[in-house]
There are 2 protein chains.
Amino acid sequence: MMNNEHTSKQFEAELEAVRARVLQMGGLVEEQIKLALDALISGDLELCTKVENNDHLVNAQEVGIDEDCSTIIARRQPAAGDLRMLMTVVKTITDLERIGDEAAKIARMAKLIYSTDRLQQPRTVEIRRMSGIALEMLRKSLDAFARLDLATSAEVVRRDQHVDEEFRGVLRQLITFMMEDPRTISVSIEILFIAKAIERIGDHAKNISEYVIYMVKGKDVRHVTLEEIEREVMG
Amino acid sequence: MMNNEHTSKQFEAELEAVRARVLQMGGLVEEQIKLALDALISGDLELCTKVENNDHLVNAQEVGIDEDCSTIIARRQPAAGDLRMLMTVVKTITDLERIGDEAAKIARMAKLIYSTDRLQQPRTVEIRRMSGIALEMLRKSLDAFARLDLATSAEVVRRDQHVDEEFRGVLRQLITFMMEDPRTISVSIEILFIAKAIERIGDHAKNISEYVIYMVKGKDVRHVTLEEIEREVMG
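Draft legend 1. A look at the overall build of chain A. Secondary structure assignment for chain A yields seven helices and zero strands. Each helix and strand of chain A, placed in order from N terminus to C terminus, yields the pattern α-α-α-α-α-α-α. Seen through its C-alpha atoms, chain A measures out along the principal axes to roughly 70 × 40 × 20 Å. Taking the contacts inside chain A whose residues are at least 6 apart along the sequence as the reference set, 81% of them involve residues at least 24 apart. Counting every atom, chain A has about 9,900 Å² of accessible surface; 51% of that belongs to carbon and sulfur. Positive and negative side-chain charges in chain A, numbering 32 and 41 respectively, have mean positions lying 1 Å apart.

In structure tokens:
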């Protein structure tokens, strides 16, 4: 219950601080993916270790923001729109934390690959395009979160299909490699797990964008078709 | 703000209804996994389609429970413990919905396998043991949610390591099969994705158990060691 203007301003500042913290966490997660991909391409084992060690920073952000949200809800008893924003934050940071896990997984896999085998060039290239799309989706989903931008959110949802297509392409290519030379089976499986991790990053970015649409429109767009989402953001 | 006993009783009933709905959703998800695994073992393509088609029921539960929680928070302005319970519900149903997705994925993969190739017996057996553990974890995580049972929650967290070990075993076995007979590569990859889906189910059950520990103890135990969790539930 807002009992005066002062309290209301404080409340606004608290909400703004939470939003800023989510974006900060998003930036950290983005950086983790980039470093993991750099490590994968360069074979820099120290960088792999750095990414793995930094994962706890992402986790700490999640726990902290969660606590902030609960504190604000308990103390401020926010009304519909603000509550929706806070619930969106709670869900968004779960996805961000899991993107962080995928980054750590990529780093771990890269380590495994370089300590036993060498990445062949064509595979890296395929994964590079796929990860470019996934990273762009993450960046846009966070932008859309910051600016409450429906059109960008819908674009991210749409882009997820591209990541899925790229994944299927990588998979086909890896199967061909393995068939041609069964000695590449182990390393191909490791690359497959990396591709899977990147595909998941796309899924999480899509989830975040769906939460943003929900936050702005007050309508839940998870589990509806792309056409319905587009109709929703145009309306 | 509870202004009288009547309101308080209504509030209690609302919380209880939400808890019941989560358990109902959990039961539905459990059933979906069981049917997907049955379909995988029997090669029943109609059952695969049924599981895929039922996924929307799981999604609808998630959206509905989410709305219930937001309505209760906005209307009742719950205090610390009750708010924690509601936040736990919001997170739990996200994991349940994703377990539902994994069940649909298993059904889809089973369909793919049976429409092109035959499952060899040893692979099914390996997956069966792994999925037995994952299903048991899910059941126990829901039991622990219903009874606010810390010891069972900690047990689920511990069990996740077994699923991960089983997964690595299945992976090693599949790599051996593929090396011995490269014609099995495609079907082995499909089985690998199924194993991965089961491993994820274990992860989600573990997440739910960690939320329950948080709800009961008011302490966040995500991202801490197993030893710390055990110290926490004993204390």
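Draft legend 2. Structural detail: a negative patch on the surface. All names here are of chain A. Judged by side-chain charge, Glu31, Asp38, Asp44 and Glu46 come together as a negatively charged surface patch. Along the chain, the position of Asp44 falls in the loop between helix H1 (5-42) and helix H2 (45-76). What makes Asp44 partly exposed here is its relative accessible area of 34%.

Draft legend 3. Region of interest: the pattern of salt bridges. All names here are of chain B. This model, assessed by the stated rule, comprises 34 salt bridges over all chains. Lys34 is the partner of Glu30 in a salt bridge, and the nearest nitrogen-oxygen pair spans 3.7 Å. Here Glu30 and its partner Lys34 are both found in helix H1 (residues 5-42), four residues apart, which amounts to about one turn of the helix. Judged by relative accessible area, Glu30 falls into the buried class, the value being 12%. A salt bridge links Arg129 to Glu166; the shortest N-O distance between them is 3.1 Å.

Draft legend 4. Molecular detail of the environment of Tyr114 of chain A. Residues and elements named next belong to chain A. By the secondary structure assignment, Tyr114 is in helix H3 (residues 80-116). Overall, Tyr114 belongs to the buried group, its relative accessible area being 12%. C-alpha of Tyr114 to C-alpha of Gly43: the two residues are 71 residues apart in sequence and 6.1 Å apart in space. Reaching out from Tyr114, the side chain makes a polar contact with the backbone oxygen of Leu40 at a distance of 2.5 Å.

Draft legend 5. The arrangement of the packing of aromatic side chains in detail. Overall, the coordinates contain two aromatic pairs over all chains when judged by the stated rule. Measuring from centroid to centroid gives 6.1 Å for Phe167 of chain A and Phe193 of chain B, while their planes differ by 55°, and the two rings are tilted. Of this pair, Phe167 of chain A sits in helix H5 (residues 150-180) while Phe193 of chain B sits in helix H6 (residues 185-217), placing the two residues on different chains. An identical accessibility class is assigned to Phe167 of chain A and Phe193 of chain B; each is buried. Sitting over the face of the ring of Phe193 of chain B, Lys196 of chain A holds its NZ or CZ atom 5.4 Å from the ring centroid.

Draft legend 6. The interface of chain B and chain A, seen in detail. Listed by partner, the interface residues are 39 residues for chain B and 39 residues for chain A. Of the roughly 3,500 Å² buried between chain B and chain A, counting both surfaces, carbon and sulfur atoms make up 63%. On the chain B side of the contact with chain A, Met87, Arg98 and His223 of chain B bury the most area, a combined 16% of that side's loss. Residue Arg200 of chain A is joined to Glu102 of chain B by a salt bridge in which the shortest nitrogen-to-oxygen separation is 3.4 Å. For the pair chain B and chain A, the number of links is 10 residue pairs in polar contact (both at pLDDT 80 or more). Residue composition of the side of chain B that touches chain A, grouped by class: 19 nonpolar, eight polar and 12 charged.

Draft legend 7. Inspection of the side chain of Glu62 of chain B at higher detail. Its place among the elements puts Glu62 of chain B in helix H2 (residues 45-76). On the basis of relative accessible area, Glu62 of chain B is assigned to the buried category, the value being 2%.

Draft legend 8. How the structure looks around helix H6 (residues 185-217) of chain A. Given a rise of 1.5 Å per residue, 33 residues ought to cover 48 Å, and the 48 Å separating the end C-alpha atoms of H6 of chain A matches this to within 8%. Burial runs high along H6 of chain A: 28 of the 33 residues are buried.

Draft legend 9. Representation of the environment of Val18 of chain A. Residues and elements named next belong to chain A. Structurally, Val18 can be placed in helix H1. You can call Val18 buried: its relative accessible area is 3%. Val18 sits 138 residues away from Val156 along the chain, and the two C-alpha atoms are 23 Å apart. Ignoring sequence-local partners within four residues, the contact set of Val18 consists of Ile65, Asp68, Cys69, Ile72 and Val89.

Draft legend 10. Just the nonpolar core, in detail. Counting 138 residues, the largest nonpolar core has Ile189 of chain A together with Ile189 of chain B as its most contacted members. In this structure Ile189 of chain B touches Leu171, Ile175, Met178, Ile189 and Leu192 of chain A together with Met178 of chain B, once residues within four positions along its chain are discounted.

Draft legend 11. Broad picture of the relation of the copies chain B and chain A. Overlay of chain B on chain A (RMSD 0.0 Å): rotation 180°, translation along the axis 0.0 Å. Both copies of the chain, as the preceding transformation shows, are related through a two-fold rotation axis. Judged by C-alpha distance, Gln77 of chain B is the residue of chain B that lies nearest the rotation axis, at 2.9 Å. Mapped onto chain A, 100% of the interface residues of chain B again fall at the interface, so both copies present the same surface.

Draft legend 12. Representation of the confidence of the model for chain A within the structure. With 93% of its residues at a pLDDT of at least 70, chain A reaches an overall mean of 90. Among the prediction metrics, the complex's ipTM stands at 0.89, with pTM recorded as 0.91.

Draft legend 13. A look at helix H3 (residues 80-116) of chain B. Taking 1.5 Å of rise per residue, the 37 residues of H3 of chain B would be expected to cover 54 Å, and the 55 Å separating its terminal C-alpha atoms lies within 8% of that figure. Most of H3 of chain B sits out of view: 26 of its 37 residues are buried.

Draft legend 14. Focus on the state of the cysteines. The tally for this structure, following the rule as stated, stands at zero disulfides over all chains. Of the cysteine sulfurs around Cys69 of chain A, a residue in no disulfide, the closest is that of Cys69 of chain B, at 15 Å.

Draft legend 15. Structural detail: the side chain of Arg200 of chain B. With respect to the element layout, Arg200 of chain B can be found in helix H6. Leaving out residues up to four positions away in the same chain, Arg200 of chain B has contacts with Glu102, Lys105 and Arg200 of chain A together with Glu102 of chain B.

Each value, and the rule that gives it
- Residues numbered from 1 in each chain as written.
- Chains lettered and ligands numbered in written order.
- Predicted model: local features only at pLDDT ≥ 70, side-chain atom pairs only at ≥ 80, totals over all residues.
- Heavy atoms only, no water.
- Helix = DSSP H or I, 4+ residues; strand = E, 2+ residues; numbered from the N terminus.
- Contact = heavy atoms within 4.5 Å.
- Areas by Shrake-Rupley, 256 points an atom, 1.4 Å probe, with all protein chains shown as cover.
- Lys, Arg positive; Asp, Glu negative; His and termini not counted.
- Charge placed at Lys NZ, Arg CZ, Asp CG, Glu CD.
- Patch = residues over 30% accessible without salt bridge, like charges linked within 9 Å, V, L, I, M, F, W, Y side chains within 5 Å.
- Salt bridge = Lys/Arg side-chain N within 4 Å of Asp/Glu carboxyl O.
- Buried < 20%, exposed > 50% of the residue type's maximum accessible area, 1.4 Å probe, protein only.
- Polar contact = N/O pair within 3.5 Å; in protein donor to acceptor, adjacent residues only side chain to side chain.
- Phe/Tyr/Trp six-rings, centres within 6.5 Å; stacked < 30°, edge-to-face > 60°.
- Lys NZ or Arg CZ within 6 Å of the ring centre and 35° of its normal.
- Buried area = accessible area lost by both parts, 1.4 Å probe.
- Nonpolar A, V, L, I, M, F, W, Y, C, P; charged D, E, K, R; others polar.
- Expected span 1.5 Å × (residues − 1).
- Core = buried A, V, L, I, M, F, W, Y, C linked by side-chain atoms within 4.5 Å.
- Least-squares fit on C-alpha atoms with pLDDT ≥ 70 in both.
- pLDDT = per-residue confidence, 0-100.
- Disulfide = S-S within 2.5 Å.

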